[in-house]
Amino acid sequence: MTDWTNAAAPSLDDFATIAGAAFDGLPEPFRRLAREAIVRIDDYADDETLAALGIEDVFELTGLYHGTDLTERSVFDPSPMPPRIFLYRRPLLDEWAERGDVTLGELITHVLVHEIGHHFGLSDDDMHRVEDEA
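Residues numbered from 1 in each chain as written. Predicted model: local features only at pLDDT ≥ 70, side-chain atom pairs only at ≥ 80, totals over all residues. Heavy atoms only, no water.

Q: Explanation requested: the nonpolar core in the structure shown.
A: One broad rule of soluble globular proteins: the nonpolar side chains tend to lie buried together. Core analysis: the largest hydrophobic core is formed by 21 residues, its most contacted members being Phe15, Ile85, Leu87, Leu92, Ile108 and Ile116. Counting residues per element, the ones that place at least two in this core are α1 (12-24), β3 (84-88), α4 (89-99) and α5 (104-119). In terms of residue count, α5 provides more of this core than any other element does, 6 residues in total. Leave out the neighbours within four places in its chain, and Leu92 touches Phe15, Thr62, Leu87, Leu107, Ile108 and Val111. Counting 7 residues, the second-largest nonpolar core is a separate cluster that includes Leu50, Ile55, Leu64 and Tyr88. (Core = buried A, V, L, I, M, F, W, Y, C linked by side-chain atoms within 4.5 Å. Buried < 20%, exposed > 50% of the residue type's maximum accessible area, 1.4 Å probe, protein only. Helix = DSSP H or I, 4+ residues; strand = E, 2+ residues; numbered from the N terminus. Contact = heavy atoms within 4.5 Å.)

Here it is, written out as structure tokens:
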């Protein structure tokens, strides 16, 4: 049994370390195609992001891809900003505690891979279909 007596909640830096290890564990072709994406860890999505997505409960959003996916890019229309992947610490911690059937590392990896899927141009439905077939 894990002794939680003196354990603190994982910090933003802890999440960045876990996400970095998850990214490093991806197969090389995926890492190469996704390496330009900046991974950012925040406690929550900001109010503007939540409003744009029509989300009222800050705990409903665990991750977000922001950028032009690879299928929509053109050399004639370069993106002024690099793509960004946001992971939201508090909603991820909440989901982890509610689920109780995965490690925090597994959950962070799952959300990171999901957001990288958006970078590759996959929709949520595409990713759910891939997960169901796996």
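Q: Before we go on, may I ask you to explain the layout of surface pockets in this structure?
A: Rolled over the atoms, a probe with the dimensions of a water molecule shows which regions are left empty. In this structure, the largest pocket spans a volume of roughly 280 Å³. Taken together, 14 residues make up the lining of the largest pocket; nearest its centre are Val113, His114, Leu122, Met127 and Val130. Of all elements in the fold, only α5 and α6 (124-133) reach the threshold of two or more residues within the lining of the largest pocket. A class-by-class count of the residues in the lining of the largest pocket yields 10 nonpolar, 3 polar and 1 charged. Its volume calculated, the second largest pocket comes out at about 200 Å³. Taken together, Thr62, Glu95, His110, Val111, His114, Glu115, His118, Asp124, His128 and Glu131 form the lining of the second largest pocket. Of all the secondary-structure elements, those providing two or more residues to the lining of the second largest pocket are α5 and α6. If you tally residues by element for the lining of the second largest pocket, the top one is α5, at 5 residues. In the lining of the second largest pocket, the residues fall into 1 nonpolar, 5 polar and 4 charged. (1 Å grid on protein atoms, 1.4 Å probe; cavity = no way out; pocket = protein on both sides within 12 Å on 5 of 7 lines; lining within 4 Å. Points joined across faces, edges and corners; volume = space filled by probe spheres on them. Nonpolar A, V, L, I, M, F, W, Y, C, P; charged D, E, K, R; others polar.)

Q: Is there a simple way to think about the packing of aromatic side chains in this case?
A: The geometry of an aromatic ring pair is captured by the separation of the ring centres together with the interplanar angle, meaning the angle of the planes. Scanning the entire structure with this criterion turns up 3 aromatic pairs. Between Phe30 and Phe120, the ring centres sit 5.8 Å apart and the planes meet at 45°, which makes this aromatic pair tilted. With a gap of 90 residues between them, Phe30 in helix α2 (residues 28-34) and Phe120 in the loop between α5 and α6 connect regions that are remote in the sequence. Taking relative accessible area as the criterion, Phe120 reaches 19% and is therefore assigned buried. Seen from their ring centres, Phe86 and Tyr88 are 6.2 Å apart, and the 10° between their planes marks the pair as stacked. Judged by its relative accessible area of 2%, Tyr88 is buried. (Phe/Tyr/Trp six-rings, centres within 6.5 Å; stacked < 30°, edge-to-face > 60°.)

Q: What should I look at first to understand the packing of α4 against α5 in this one?
A: Relative placement of two packed helices is described by the angle separating their axes and the distance separating the axes. Their axes nearest at 10 Å, the elements α4 and α5 cross at an angle of 125°. When the axis of α4 is compared with that of α5, the two are oblique. Handedness of the crossing formed by α4 with α5: right-handed. Mapping the contact onto sequence places Leu92, Leu93, Glu95, Trp96 and Arg99 in α4 and Leu104, Leu107, Ile108 and Val111 in α5. (Axes fitted to C-alpha atoms, helices over the stretch in contact; angles between N-to-C directions. Parallel < 35°, antiparallel > 145°, perpendicular 65-115°, else oblique. Left-handed = near helix turned anticlockwise from the far one by under 90°.)

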